[in-house]
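# Inside the fold
If you want the building blocks of each chain, they are given just below.
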Amino acid sequence: MADDIATCNKFPPHRNLPFLSSMLVFPLNLLCAILHVFAKPLGIEPVLSLLITGGFFALSIVPVAFYALVFHAIEQSGIYQGEFHLVTYVGLPLVVLYIIQILVLDNDHRCVENASPILPNNFIERTADKFYLAGLDYNPIQCTPWSLDAKLSPSRQYIFAVHPHGIHCMPLSQFTSYGSDFDKKFPGLVGRITGLAATVMFKLPLVREIFIKWGYIDASRKYANKALLCGRSILVCTGGEEESMYTTGGRDIVVLEKRKGFIRLALSHGADIVPVFGVGNTDTYRTYDFMTKQRMWLQKNLSLAVPIFHGRLFTPLPYKVPINVLIGEPIKTPAPKVKGERPDDNLVNEYHGKYISALKKLHAKHVTDRVLEIR
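Residues numbered from 1 in each chain as written. Predicted model: local features only at pLDDT ≥ 70, side-chain atom pairs only at ≥ 80, totals over all residues. Heavy atoms only, no water.

## Observations concerning the overall build of the protein chain
- When helices and strands are counted, the protein chain shows 13 helices and eleven strands.
- By the compact-globule yardstick of 21 Å for 375 residues, the protein chain fits well, its C-alpha radius of gyration being 21 Å.
- Based on the C-alpha atoms only, the size of the protein chain along its principal axes is roughly 70 × 45 × 45 Å.
- Taking all 375 residues of the protein chain together, the buried fraction comes to 49%.
- Contacts in the protein chain between residues far apart in sequence, at least 24 positions, make up 80% of those at least 6 positions apart.
- Total accessible area on the protein chain is roughly 18300 Å²; 61% of this is exposed by carbon and sulfur atoms.
- Of the side-chain charges in the protein chain, 39 are positive and 31 negative, and the distance between the mean point of each set is 4 Å. (Helix = DSSP H or I, 4+ residues; strand = E, 2+ residues; numbered from the N terminus. Rg over C-alpha atoms; globule rule 2.2 N^0.38 Å. Buried < 20%, exposed > 50% of the residue type's maximum accessible area, 1.4 Å probe, protein only. Contact = heavy atoms within 4.5 Å. Areas by Shrake-Rupley, 256 points an atom, 1.4 Å probe, with all protein chains shown as cover. Lys, Arg positive; Asp, Glu negative; His and termini not counted. Charge placed at Lys NZ, Arg CZ, Asp CG, Glu CD.)

## A look at helix 2 (residues 45–53)
- Within the sequence span of helix 2, burial applies to Glu-45, Ser-49, Leu-50 and Ile-52. Down the axis of helix 2, the sector holding all buried residues measures 165°, keeping them to one side.
- Buried-residue contacts for helix 2 involve helix 1 (19–42) and helix 5 (123–134). (Arc of directions from axis to C-beta.)

## A look at the environment of Thr-88
- Structurally, the position occupied by Thr-88 is in helix 4 (residues 86–105).
- By relative accessible area, which is 38% here, Thr-88 ends up partly exposed.
- Separated by 42 residues in the primary sequence, Thr-88 and Lys-130 place their C-alpha atoms 35 Å from one another.

None of this, on its own, says anything about what the molecule does.
Written out as structure tokens, the structure reads:
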């Protein structure tokens, strides 16, 4: 996977992380670069990659531990001989500065221009990227287009609607990774597709930087509109965190009956709608229905999804299940009189019905051991 990455001069321009964000990401990149060097020869790199990225909400521990050790080493070495602890008088002010400058004031997650995956620009980042991408080889994953001669023109705009969310929506990586199976079968699109992620993801240290690195922006309608007006295509997991709560092994459940925002966006800009379904994505973790009513209340009222799950050996490592990313035939939409104008509700309902029908046919054509459940 990592060896298939094309030369950098063919890639679209991308955003750059602010200095404080780069400081936060550096320890993680350094750790992953070291793991790549030692784990690849042993053949365990894909396992370690998925084990780390599968628990990415806890990754902020890495930079905290790294800088605490650095400050401690400086104090013990005698380089610094002051009476104040560096963690208290350097580390804590940097944390406060990061919260104010990045989590509160920075708007990179709302910048739609050049919202492409960020390319590595030094040895450590390039080596770390190989470690990250090795995780894509853990679960055998392939893209299956609607026909053998299927083509998606990079000159057109698309809204890729991805189902099901699962615990982690693994099919999304196909659309944001150079050298992925999707990139090989539909060249020229990766780098021109902007992912949409919930606002809360950009308020979490390091999680924010990871999403920006992979070319995501705030999922608010305002910024999705801006991205389409800039000529970019959109990638969205339409069921969101609610759909993740329904994740059950052996069942394909999608939240779609009332989800019409992506249809409205497509009609507003004349973008083609591409149904995408990741067969096997709901089987990568084991989930439990303990306190389901209480957890669903949290999701619906506080937008806080708390699925109870585990992977192999009760770790974040997913079960090794093949994932087949089905790419449905694009549903063409009529060109609007004015780009960005709100479409008629009847037209939205019509194309919403067309989309559900197309998704059902796509699923039925390739999946025989379960039916598609739409909620």
